[in-house]
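Survey of secondary and tertiary structure
The residues making up each chain are set out below.
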Amino acid sequence: MPTLPDGYHSLIAIFAPVFSQRVWRHVQVLVMGAILAPGKRTVTAVLNVMGLSQETHFQTYHRVLNRASWSSLAASWILLSVLANTFAARGTVVLGIDDTLERRRGAKIKAKGIYRDAVRSSHSHFVKASGLRWLSLMLLVPIPWAGRVGALPFLTALAPSERYYQRCGRGHKKLTDWARQLLLQVRRWLPQRRLVVVADSTFAVLGLLERVTRLANPICMVTRFRLDAALYEPAPPRQPGQRGRKRVKGARLPTLHQVLADGHTVWTRVQIHHWYGERGRPVDITSSTAVWYHAGQSPVPIRWVLIRDPLGKFRSQALLCTDLTVQPEQIVQWFVMRWQIEVTFREVRTHLGVETQRQWSDLAIARTTPALLGLFSLITLLAHHSTQHGALPIRQAAWYAKSWPTFSDTIAVVRSQLWRQIILQRSLAATDVHKVPPDMLEHLIDALCYAT
């Protein structure tokens with residue numbers, strides 16, 4: 001079995017306690033093969049690229065995913081620990097949460113449903129697709145050698161469709177219920193760190209916000225906010241001798257639609273860094289605090305922020321933050337980081353073969369996609385180790401100039417280290433290497449590294 005380069009081995013070996021010794025040998029092959037394989041990320045494609053196409057006991061590699069006893073949750077905890085220690089050793093830990101659709105078909109895939117396809121849909125065109133819905137938590141941190149914020153997945157859960165729960169005779173577990181469970185798990189893992197979670201409007205739900213804010217160490221949520229939400233002043237203090245139940249809200253406040261249309265609203269112009277790909281972007285903001293309340297729900301104190309574009313290129317929008325002490329500009333800065341989640345979803349489809357898997361076993365399905373998303377973070381860690389010996393090489397083209405490395409450069413660096421290690425270990429390949437001019441060998445490795 002090919003072994004990992006020394007620097008890479010120490011990073012990957014921290015996951016060994018999750019598996020038995022026998023399973024761990026196969027796991028290393030699957031990890032290396034998943035990084036090196038272009039195109040589909042099936043187990044057979046991994047075995048082919050690792051030179052194991054004649055392995056008669058190929059089923060043992062399938063059993064790592066569909067039968068072996070190991071905990072995905074334990075692997076997620078280890079991955080988060082390494083990511084946090086590497087990129088966010090101190091200060092606030094900013095997380096992003098979002099769902100994505102893995103387009104899959106097949107009669108044996110029980111958890112699939114029909115969902116809106118966000119990749120193919122637009123404001124004017126609605127597209128539905130059959131597939132699996134995944135909810136992923138990612139660490140949002142600046143990557144020093146990439147010149148941008150990276151969204152690094154570490155915990156992903158399958159959120160089955162309502163039809164699946166009906167067939168099972170169980171009550172439907174909503175996407176926000178899954179989100180609450182994942183966030184509470186991360187709070188157990190990082191009990192002392194300040195957590196900030198950014199999300200889109202799907203997670204602007206009173207039940208979820210109320211639950212994470214009443215923890216002993218509350219989680220700060222930043223989400224997109226609807227402009228017609230019912231806002232109120234805080235409940236007035238209870239008077240001595242006053243009868244009846246305690247009030248939960250005060251007087252009704254204007255909606256954000258009304259604040260936006262009010263000519264007396266005071267706006268402040270601020271410069272937001274890394275605004276959706278732009279280095280700096282001027283926006284107008286106004287902010288205040290209120291109590292968000294809906295009948296039958298617990299009230300949640302929030303700070304809302306209205307954003308208006310002085311250039312007139314996007315519609316005005318609103319954000320909410322459950323921490324009333326945070327400055328409005330910081331809230332906007334945190335929320336802009338959320339876009340990197342969409343970038344990560346795109347990269348794992350392009351470079352790591354998400355949606356090309358072909359398992360139908362429930363356990364294999366529940367493990368493979370989270371593993372591929374986690375592999376994105378692992379590759380970033382391996383590349384970070386490589387940058388300690390020099391800057392990451394950037395592949396340029398006449399039609400595509402870039403100043404900072406992208407994920408294609410990141411995975412190419414890792415593949416380059418692995419291919420060189422494999423070539424050195426295979427005696428027949430080493431013999432052939434001496435017959436190939438060094439510059440031609442470098443071109444061959446480069447082609448292998450950038451293959452998708």
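This text follows the structure it describes.
Residues numbered from 1 in each chain as written. Predicted model: local features only at pLDDT ≥ 70, side-chain atom pairs only at ≥ 80, totals over all residues. Heavy atoms only, no water.

Observations regarding the overall build of the protein chain
Within the protein chain, the regular secondary structure consists of 15 helices and eleven strands. The dimensions of the protein chain, computed from C-alpha atoms along their principal axes, are 90 × 55 × 45 Å. Counting all 452 residues of the protein chain, 52% fall into the buried class. By element, 54% of the accessible surface of the protein chain is carried by carbon and sulfur atoms, the whole surface being about 22,800 Å². One finds the centroid of the 57 positive side-chain charges in the protein chain at a distance of 8 Å from the centroid of its 27 negative side-chain charges. (Helix = DSSP H or I, 4+ residues; strand = E, 2+ residues; numbered from the N terminus. Buried < 20%, exposed > 50% of the residue type's maximum accessible area, 1.4 Å probe, protein only. Areas by Shrake-Rupley, 256 points an atom, 1.4 Å probe, with all protein chains shown as cover. Lys, Arg positive; Asp, Glu negative; His and termini not counted. Charge placed at Lys NZ, Arg CZ, Asp CG, Glu CD.)

Brief notes about empty space enclosed by the protein
Tallied over the full model, the rule gives two cavities of 30 Å³ or more. Roughly 60 Å³ of volume is contained in the largest cavity. Along its surface, the largest cavity is lined by Ile-143, Trp-145, Ala-146, Arg-148, Leu-152, Phe-376, Thr-380, Phe-407 and Thr-410. Elements represented by at least two residues in the lining of the largest cavity include exactly strand E4 (148–158), helix H12 (362–387) and helix H13 (407–425). Taken together, the residues of the lining of the largest cavity break down into six nonpolar, two polar and one charged. Its boundaries defined by the atoms lining it, the second largest cavity holds a volume of some 50 Å³. Taken together, Thr-100, Leu-101, Glu-102, Trp-134, Phe-345, Val-348, Arg-349, Val-354, Thr-369 and Leu-373 make up the full set of residues lining the second largest cavity. At the level of secondary structure, the elements contributing two or more residues to the lining of the second largest cavity comprise strand E1 (93–103), helix H11 (339–351) and H12. Residue composition of the lining of the second largest cavity, by class: six nonpolar, two polar and two charged. (1 Å grid on protein atoms, 1.4 Å probe; cavity = no way out; pocket = protein on both sides within 12 Å on 5 of 7 lines; lining within 4 Å. Points joined across faces, edges and corners; volume = space filled by probe spheres on them. Nonpolar A, V, L, I, M, F, W, Y, C, P; charged D, E, K, R; others polar.)

As for the pairing of strand E9 (residues 278–292)
Of the strand pairs in this sheet, strand E7 (residues 231–232) and E9 are connected by two bridges, and their pairing is antiparallel. From the neighbouring strand, Tyr-232 faces E9, where its bridge partner is Val-291. Across seven bridges, the pairing between strand E8 (residues 268–275) and E9 is antiparallel. When the bridges of E9 are listed, Gln-271 appears paired with Pro-282. Between E8 and E9, which pair antiparallel in sequence order, lie two residues; one of them, Tyr-276, sits at a positive phi of approximately 45°. For E9 and strand E10 (residues 300–308), the ladder comprises nine bridges, and the chain directions are antiparallel. Within the sheet, the bridge partner assigned to Ser-287 lies in E10 and is Val-305. (Pairing = 2+ DSSP bridges.)

With respect to the nonpolar core
Ranked by size, the top nonpolar core spans 145 residues in total, and within it Phe-154, Val-186, Phe-225 and Trp-292 carry the most contacts. Sort the elements by how many residues they give to this core and H12 lands first, with eleven residues. What Val-186 contacts, discounting residues up to four positions off in sequence, is Leu-80, Leu-95, Leu-137, Phe-154, Leu-155 and Leu-195. (Core = buried A, V, L, I, M, F, W, Y, C linked by side-chain atoms within 4.5 Å. Contact = heavy atoms within 4.5 Å.)

Structural notes on the state of the cysteines
Each disulfide consists of one covalent bond between the sulfur atoms belonging to two cysteines. Tallied over the full model, the rule gives zero disulfides. Unpaired in terms of disulfides, Cys-321 finds its nearest cysteine sulfur in Cys-220, a separation of 3.5 Å. (Disulfide = S-S within 2.5 Å.)

Details of the layout of surface pockets
Put simply, the largest pocket is a space of about 1,400 Å³. Lining the largest pocket we find 33 residues, and of these Arg-116, Ala-118, Arg-338, Trp-339 and Glu-342 sit closest to its centre. Counting residues per element, the ones that place at least two in the lining of the largest pocket are E1, strand E2 (113–116) and H11. Of the residues forming the lining of the largest pocket, the biggest block, seven residues, is contributed by H11. For the lining of the largest pocket, a count of residues per class yields ten nonpolar, eight polar and 15 charged. Within this model, the second largest pocket holds a volume of roughly 1,100 Å³. As for the second largest pocket, its lining consists of 44 residues, and the residues nearest its centre are Trp-70, Ser-72, Arg-367, Pro-370 and Ala-371. Going through the elements one at a time, helix H2 (21–36), helix H3 (43–49), helix H4 (59–66), helix H5 (72–87), E4, helix H7 (175–189) and H12 are the ones with two or more residues in the lining of the second largest pocket.

Quick notes on the environment of Tyr-293
If you trace the backbone, Tyr-293 turns up in the loop between E9 and E10. We classify Tyr-293 as buried; its relative accessible area is 16%. Dropping the residues within four chain positions of it, Tyr-293 is found in contact with Leu-206, Ala-230, Tyr-232, Val-248, Lys-249 and Pro-299.

A closer look at the packing of H4 against H12
Running from amino to carboxyl end, H4 crosses H12 at an angle of 80°, the nearest separation of the two axes being 7 Å. Classified by the interaxial angle, the pair formed by H4 and H12 is roughly perpendicular. Contact residues: Val-64, Leu-65 and Asn-66 in H4; Leu-363, Ala-364, Arg-367 and Thr-368 in H12. Its residues assigned to classes, the contact of H4 with H12 shows four nonpolar, two polar and one charged. (Axes fitted to C-alpha atoms, helices over the stretch in contact; angles between N-to-C directions. Parallel < 35°, antiparallel > 145°, perpendicular 65-115°, else oblique.)

Looking at H12
Its 26 residues place the ends of H12 39 Å apart at the C-alpha level, agreeing with the 38 Å of an ideal helix rising 1.5 Å per residue. Counting buried residues along H12, 21 of its 26 residues qualify, which places the element largely inside the surrounding structure. (Expected span 1.5 Å × (residues − 1).)

All quantities given are derived from atomic positions and should not be read as evidence of function.
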